[in-house]
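As a plain string of letters, each chain reads:
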Amino acid sequence: MPDDEEPHSIRIHLDHILTERGMTLTELSSQVGITVVNLSVLKNGRAKAVRFSTLSRICEVLRCQPGDLITYEPTTPGP
């Protein structure tokens, strides 16, 4: 992991939802209006931020909720 990336506990489930919808990343890219490269960065958990407008458009196209795409999974057990 490069030094400028902080570890995080956010998980992206875009692959799972795309599989459920029978859609490719390329198809999603054209319908959402962002590049395949940027979607790939998001899908692989390397995105540092996501615009709400982008998240809204992804949810609209995939007919899902933000919580279907993104979850928080702590790396250490809580108290």
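Cut-offs and rules
- Residues numbered from 1 in each chain as written.
- Predicted model: local features only at pLDDT ≥ 70, side-chain atom pairs only at ≥ 80, totals over all residues.
- Heavy atoms only, no water.
- Axes fitted to C-alpha atoms, helices over the stretch in contact; angles between N-to-C directions.
- Helix = DSSP H or I, 4+ residues; strand = E, 2+ residues; numbered from the N terminus.
- Left-handed = near helix turned anticlockwise from the far one by under 90°.
- Contact = heavy atoms within 4.5 Å.
- Nonpolar A, V, L, I, M, F, W, Y, C, P; charged D, E, K, R; others polar.
- Salt bridge = Lys/Arg side-chain N within 4 Å of Asp/Glu carboxyl O.
- Buried < 20%, exposed > 50% of the residue type's maximum accessible area, 1.4 Å probe, protein only.
- 1 Å grid on protein atoms, 1.4 Å probe; cavity = no way out; pocket = protein on both sides within 12 Å on 5 of 7 lines; lining within 4 Å.
- Points joined across faces, edges and corners; volume = space filled by probe spheres on them.
- Core = buried A, V, L, I, M, F, W, Y, C linked by side-chain atoms within 4.5 Å.

Enquirer: I'm lost on the packing of helix α2 (residues 25-32) against helix α4 (residues 52-62) in this one. Help?
Expert: Between two packed helices, what matters for the description is the angle formed by their axes and the separation of those axes. Running from N to C, α2 and α4 cross one another at 115°; their axes reach a closest spacing of 10 Å. The handedness of the crossing between α2 and α4 comes out as right-handed. Contact with α2, carried on its side by Leu28, Gln31 and Val32, involves Arg57, Ile58, Val61 and Leu62 of α4 and no other residues of that element. Its residues assigned to classes, the contact of α2 with α4 shows five nonpolar, one polar and one charged.

Enquirer: Teacher, can you tell me more about the pattern of salt bridges here?
Expert: Between side chains of opposite charge, a pair can form when the charged atoms approach closely. Applying the stated criterion across every chain, the model contains four salt bridges. A salt bridge links Arg11 to Glu73, with the nearest nitrogen and oxygen atoms 3.9 Å apart. Note that Arg11 is positioned in strand β1 (residues 10-12) and Glu73 in the segment after β2 (70-72), a separation of 62 residues in sequence. By relative accessible area, which is 29% here, Arg11 ends up partly exposed. For the salt bridge of Lys43 with Asp15, the shortest nitrogen-to-oxygen distance reads 3.6 Å. Of this pair, Lys43 sits in helix α3 (residues 36-43) while Asp15 sits in helix α1 (residues 14-21), and the two are 28 residues apart along the sequence. Look at Lys43 and you get partly exposed, because its relative accessible area is 21%.

Enquirer: How should I be thinking about the side chain of Ser9 in this particular structure?
Expert: For Ser9, the position within the fold is in the segment before β1. Ignoring any residue separated from it by four or fewer positions in sequence, one finds Ser9 in contact with Thr71, Tyr72, Glu73, Pro74 and Thr75.

Enquirer: Sorry, what's going on with empty space enclosed by the protein here?
Expert: To locate leftover empty space, one rolls a probe as large as a water molecule over the atoms. Evaluated as defined, the whole model comprises one cavity of 30 Å³ or more. Taken as a whole, the largest cavity spans an internal volume of roughly 50 Å³. What lines the largest cavity is Ile12, Leu14, Leu42, Val50, Leu55, Ile58, Leu69 and Ile70. Here the residues of the lining of the largest cavity are counted per class, giving eight nonpolar, no polar and no charged.

Enquirer: Even after reading the chapter, I still don't get the nonpolar core, so can you show me in this structure?
Expert: A general trend in soluble globular proteins is that nonpolar side chains are found buried together. Among the nonpolar cores identified, the biggest contains 16 residues, and Leu14, Leu18, Leu28, Ile58, Leu62 and Leu69 are the most heavily contacted of them. Of all the secondary-structure elements, those providing two or more residues to this core are α1, α2, α3 and α4. Excluding anything up to four places from it in sequence, Leu62 contacts Leu14, Ile17, Leu18, Arg21, Met23, Leu28 and Leu69.

Just distances and angles here, no functional claims.
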